[in-house]
Amino acid sequence: MQKILRIVLVVATCVTIGYLSGLVTRESITTWYPTLVKPVFNPPNWIFAPVWSLLYIMMGVAGGMVWNRIDTDEEKVKKAFKIFIAQLALNALWSYLFFGLHNPLLALIEIILLWLLIFECYNQFKKIDKVAGMLLLPYLAWVSFATVLNGSIWWLNK
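These figures come from a predicted structure and were not determined experimentally.

S.K.: What exactly am I supposed to notice about the pattern of salt bridges here?
M.R.: Two side chains bearing opposite charge may form a pair once their charged atoms approach each other closely. According to the stated counting rule, one finds 3 salt bridges in the structure shown. One salt bridge in this structure joins D129 and R69, with 3.2 Å as the shortest N-O distance. With a gap of 60 residues between them, D129 in the loop between α4 (104–128) and α5 (130–135) and R69 in the loop between α2 (48–67) and α3 (74–100) connect regions that are remote in the sequence. The salt bridge involving K78 is made with E74; its shortest N-O contact spans 2.8 Å.

This is the structure in structure tokens:
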């Protein structure tokens, strides 16, 4: 039961972070964001909420799976979890920088750091639990796409 509880707790934390990030985003989606020039590959706005919801759930499951290995390799799990928490914080910060401050350049710099932390988190997670590591790959792919999108929006609107 404790293993399931850990996964549920990390999923709830990730989804909550996503929800709070969404609060920053909501107003700008209808006011500021439509005024920006966007690249042709910009997805429709409706796609972001379901994609991010699924990614936050997968992140949380991965984090919970790694946490469940605390008894077998405490040092590796603690290191991996610190990176996980740091990337989650940067994830939330990006929404504030891009949508809250309306600053695509600062958000671009930050999302590159976020990508690096996600990649490191993936590397640490796969050493502890291969499935947990694999659960981060769609997140890494989406943030890769988001980085290109962010950079394109900055470039087109500078």
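S.K.: Sorry if this is basic, but what is going on with helix α6 (residues 137–157) here?
M.R.: Because an α-helix packs 3.6 residues into every turn, residues spaced three or four apart end up facing the same way. A rise of 1.5 Å per residue sets the reference length of α6, with its 21 residues, at 30 Å; its end C-alpha atoms lie 30 Å apart and thus fit the reference within 8%. Every buried residue of α6 is listed here: Y139, L140, W142, V143, A146, T147, L149, N150, G151, S152 and I153. Contacts from the buried residues of α6 go to α2, α3 and α4.

S.K.: Got a minute to help me understand the environment of A141 in this structure?
M.R.: Mapped onto the elements of the fold, A141 is located in helix α6. Each C-alpha atom, one on A141 and one on I57, is 15 Å from the other, the two residues being 84 residues apart in sequence.

S.K.: Would you mind going over the packing of aromatic side chains with me for this structure?
M.R.: We describe a pair of aromatic rings using the distance from one ring centre to the other and the angle between the two ring planes. Counted by the stated rule, this structure contains 18 aromatic pairs. Between W94 and F99, the ring centres sit 5.8 Å apart and the planes meet at 85 degrees, which makes this aromatic pair edge-to-face. Centre to centre, the rings of W115 and F119 are 5.4 Å apart; their planes meet at 5 degrees, and the pair counts as stacked. With W115 and F119 both in helix α4 and 4 residues apart, the pair spans about one turn of that helix. The structure contains a cluster of three or more aromatic residues connected by ring pairs, namely W32, Y33, W94, F98 and F99. Between the NZ or CZ atom of K38 and the centre of the ring of Y33, over which it lies, the distance is 4.6 Å. In this structure, K158 is placed above the aromatic ring of W155, and the distance from its NZ or CZ to the ring centre is 3.3 Å.

Each value, and the rule that gives it
- Residues numbered from 1 in each chain as written.
- Predicted model: local features only at pLDDT ≥ 70, side-chain atom pairs only at ≥ 80, totals over all residues.
- Heavy atoms only, no water.
- Salt bridge = Lys/Arg side-chain N within 4 Å of Asp/Glu carboxyl O.
- Helix = DSSP H or I, 4+ residues; strand = E, 2+ residues; numbered from the N terminus.
- Expected span 1.5 Å × (residues − 1).
- Buried < 20%, exposed > 50% of the residue type's maximum accessible area, 1.4 Å probe, protein only.
- Contact = heavy atoms within 4.5 Å.
- Phe/Tyr/Trp six-rings, centres within 6.5 Å; stacked < 30°, edge-to-face > 60°.
- Lys NZ or Arg CZ within 6 Å of the ring centre and 35° of its normal.

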